[in-house]
Amino acid sequence: MTSTAGDHPSKVLATFAAELKFDAIPAPVLRRTEDLMLDWLGSVLAARTARPVRSIERFAQMMGPADGPSELLTSRRTTSPVFAALVNAAASHFVEQDDVHNGSVFHPAAVVIAPALAVAQSIGASGAQLLTAVVAGYEVGIRVGEFLGRSHYKTFHTTATAGTLAAAAAVGRLLELTPQQMLHAFGSAGTQSAGVWEFLRDAADSKQLHCAHAAASGLMSAYLAQDGFTGAAKILEGAQGLGVGMSSDADPAKLTDGLGTRWTLAETSFKYHASCRHTHPAADALLQVMTQNKLKPADVSGVTTHVHQGAIDVLGRVDVPATVHQGKFSMGTVLGLIAVHGRAGLGEFDRDFLAPEVSAFREKVAMQLDEEVDTAYPARWIGKVSVQTADGRTLHGRVDEPKGDPGNSLSRAEIEDKMQRLAHYGEGATAEEARALCQRVWQLADTPRVGRWLA
């Protein structure tokens, strides 16, 4: 990486993204990238018929070309790269099964892979080039999320804000931007960063727009930079940059932490339950208690989840969920599904998020700020619950690494199974097509040209 001691953090990060080479990425990181891409595909295919996704796709059809080089995975139509990125990114995040990086509280795949795939298909990039671009997007987006800090997440949806720069980095790498052009792309992307949590109070559809906007705006920023369009040089750490405007604890050092040696992509977690990640630690801890003690829902009189402040900030906005999607942000609903069914998957949410037994359990659940859990967050997401039983006992559950975290990860067989289940759920691909997609991803590094993924 060609940078000097006097370079500011935004420039160092942009130079890294522009100069990242496939051969410089360790093989385990590349294999993890393939895992994350397959996991992302499942989430997209699962959202094929989702109403908000359909709405954004209709907009794309009205505004964009009727055909083009880039693929709409939800409908199998083709269009321009920007509209393919818009729609596929919107679909990525709907079923709440896409990946998450704990330390940045950021969902990278939704806003990185969607625009990268669209552009790779458009320019005829190789699989190795696509993988390199995805790694660049993850490394940039995660560091921007860490830079913005905990205070940012209280109001802003980091996937929407940091995601715009992540998308710009991925697309910029595919376009082979120079370091200076990449810095301009960051400036244009950062000035378009947006997305706040208020939508949760109304069960609004904004989360899909967050991802769609971030992916499309980041893509546009990279193409504009290629054409000579300039952006703020210090969009992140500048006197009127994102750190000042969107955070009270921004730390510029985190923008360049371990570049080229610490591969943050490898720290990214897979989501096991079909709900907001903030519910997962407690869900795993409750399942532990109920399984070990052979409890039924009626045996439980109360559950206290010991959580970090971020969980309270996000999940505390939802009391009685009005929609399935809002139910995924209700700690009581998620734990009710765990208690009744032993899992909180897509089918359970669709059928029973307001079922009487689940609703009754929801009313037994409370969140309580826990100093240990809050101090460990966001680097570690500890799950702790105290369960009061009908016969007067208090039982405790604890999970230090929720299912899907790097230390408790999913195997390739589990990732394939998850992807195939999601594809079946959304009727986004047949079983045969889903198996073929698995092989396509596993062979991506040796693919000379990225074409369409679904006929």
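One can find the structure itself at the top, above this paragraph.
Model, not experiment: these values are computed from the prediction.

Asker: Explain the overall build of the chain here, please?
Answerer: Helices and strands together make up the secondary structure of the chain, namely 20 helices and 6 strands. Taken over C-alpha atoms, the radius of gyration comes to 21 Å for the chain, in line with the 23 Å a tight globule of 455 residues would show. Across its three principal directions, the C-alpha atoms of the chain cover 70 × 50 × 40 Å. Considering only contacts within the chain whose residues lie at least 6 apart along the sequence, 77% involve residues at least 24 apart.

Asker: Honestly, unusual backbone geometry in this entry has me stumped. Any pointers?
Answerer: Keep in mind that most residues, glycine aside, have a negative phi and that most peptide bonds are trans. A cis amide bond links Tyr377 to the next residue, Pro378, at an omega of 5°. A positive phi angle, close to 70°, is found at Arg76, a residue other than glycine. Its place among the elements puts Arg76 in the loop between β1 (70-71) and β2 (78-79). A positive phi angle, close to 50°, is found at Val105, a residue other than glycine.

Asker: I would appreciate a short explanation of the environment of Ala203 in the present structure.
Answerer: Of note, Ala203 is situated in the loop between α9 (199-202) and α10 (206-226). Given a relative accessible area of 22%, Ala203 falls into the partly exposed group. The spacing of Ala203 and Gly327 is 124 residues in sequence and 9.1 Å in space, taken between C-alpha atoms.

Asker: So what exactly am I meant to see when it comes to the packing of aromatic side chains here?
Answerer: Each pair of aromatic rings is reported with the distance of its centres and the angle of its planes. A complete count under the given rule lists 5 aromatic pairs for this structure. With a centroid separation of 5.3 Å and an interplanar angle of 75°, the aromatic rings of Tyr153 and Trp197 are classed as edge-to-face. In this pair, Tyr153 is assigned in helix α6 (residues 127-155) and Trp197 in the loop between α8 (179-190) and α9, connecting sequence segments 44 residues apart. Taken as a pair, Tyr153 and Trp197 share a single burial class, namely buried.

Asker: Before we go on, may I ask you to explain helix α2 (residues 27-46) in this structure?
Answerer: Residues that lie three or four places apart on an α-helix share one face, since the helix turns once every 3.6 residues. If you check α2, its first and last C-alpha atoms are 29 Å apart, about what 20 residues at 1.5 Å a residue would give, namely 28 Å. Counting buried positions over the 20 residues of α2 gives 17, a clear majority of the element.

Asker: What should I look at first to understand the pairing of strand β3 (residues 300-307) in this one?
Answerer: Side-chain direction in a regular strand flips from residue to residue, so the side chains alternate between the two faces of the sheet. With 7 of 8 residues buried, β3 is to be regarded as a mostly interior element. With 6 bridges joining them, β3 and strand β5 (residues 383-389) adopt antiparallel strand pairing. Residue pairing for β5: Gly302 is matched across the bridge by Gln388.

Asker: Teacher, can you tell me more about the side chain of Ser126 here?
Answerer: Within the element layout of this structure, Ser126 appears in the loop between α5 (108-123) and α6. With sequence-adjacent residues up to four places away left out, Ser126 is seen in contact with Thr447, Pro448, Arg449 and Val450.

Asker: So what exactly am I meant to see when it comes to the pattern of salt bridges here?
Answerer: Close approach of charged atoms allows side chains with opposite charge to pair. In total, this model carries 31 salt bridges according to the counting rule given. For Arg412, the salt bridge is made with Asp35, and the minimal N-O distance between the two is 2.6 Å. Here the residue Arg412 occupies a position in helix α19 (residues 412-425), and Asp35 occupies one in helix α2, the gap between them amounting to 377 residues. For Asp35, a relative accessible area of 9% puts it in the buried group. Close ionic contact of Lys384 with Glu372 constitutes a salt bridge, the shortest N to O distance being 2.9 Å. Of this pair, Lys384 sits in strand β5 while Glu372 is found in helix α18 (residues 371-376), placing the two residues 12 residues apart along the sequence. Three or more residues joined by partner-sharing salt bridges are found here, namely Asp370, Glu372, Arg380, Lys384, Arg398 and Asp400.

Asker: Where do I start with α10 in this structure?
Answerer: Helix length check: α10 (21 residues) gives 30 Å between terminal C-alpha atoms against 30 Å at 1.5 Å per residue, within 8%. A positive phi of about 100° marks Gly228, the residue just after α10.

Asker: Help me understand a nonpolar patch on the surface, please; the structure alone is not making it clear to me.
Answerer: A contiguous nonpolar patch, built from Phe59, Met62 and Met63 and spanning about 350 Å² of accessible area, is present on the exposed surface. By secondary structure assignment, the location of Met63 is in helix α3 (residues 51-63). Taking the relative accessible area as the measure of exposure, Met63 reaches 53% and is therefore exposed.

Asker: Which parts of the structure should I look at to understand the sheet that holds β5?
Answerer: For sheets, the rule is that strands pair by backbone hydrogen bonds, running either parallel or antiparallel. Reading across from one edge, β4-β3-β5-β6 is the order of the 4 strands in this open sheet, with mixed pairing throughout. In this open sheet, the two edge strands, each paired with only one partner strand, are β4 (365-369) and β6 (394-399). Each strand of the sheet is rotated relative to its neighbour by a mean of 20°, with strand direction disregarded. Each of β3, β5 and β6 touches helix α12 (residues 280-292); the most contacted strand, β6, lies at about 130° to it.

Asker: Would you mind showing me how to read the packing of α8 against α10 here?
Answerer: A pair of packed helices is characterised by two quantities: the angle between their axes and the separation of those axes. Put simply, α8 and α10 touch, their axes get as near as 8 Å, and they point 140° apart. Overall, the two elements α8 and α10 adopt an arrangement that is oblique. Pair α8 / α10 crosses with right-handed handedness. Contact residues: Gln181, His184, Ala185, Ser188 and Ala189 in α8; Ser221, Ala222, Ala225 and Gln226 in α10. Here the contact of α8 with α10 is composed, by residue class, of 4 nonpolar, 5 polar and no charged.

Criteria and cut-off values
- Residues numbered from 1 in each chain as written.
- Predicted model: local features only at pLDDT ≥ 70, side-chain atom pairs only at ≥ 80, totals over all residues.
- Heavy atoms only, no water.
- Helix = DSSP H or I, 4+ residues; strand = E, 2+ residues; numbered from the N terminus.
- Rg over C-alpha atoms; globule rule 2.2 N^0.38 Å.
- Contact = heavy atoms within 4.5 Å.
- Buried < 20%, exposed > 50% of the residue type's maximum accessible area, 1.4 Å probe, protein only.
- Phe/Tyr/Trp six-rings, centres within 6.5 Å; stacked < 30°, edge-to-face > 60°.
- Expected span 1.5 Å × (residues − 1).
- Pairing = 2+ DSSP bridges.
- Salt bridge = Lys/Arg side-chain N within 4 Å of Asp/Glu carboxyl O.
- Patch = residues over 30% accessible without salt bridge, like charges linked within 9 Å, V, L, I, M, F, W, Y side chains within 5 Å.
- Areas by Shrake-Rupley, 256 points an atom, 1.4 Å probe, with all protein chains shown as cover.
- Axes fitted to C-alpha atoms, helices over the stretch in contact; angles between N-to-C directions.
- Parallel < 35°, antiparallel > 145°, perpendicular 65-115°, else oblique.
- Left-handed = near helix turned anticlockwise from the far one by under 90°.
- Nonpolar A, V, L, I, M, F, W, Y, C, P; charged D, E, K, R; others polar.

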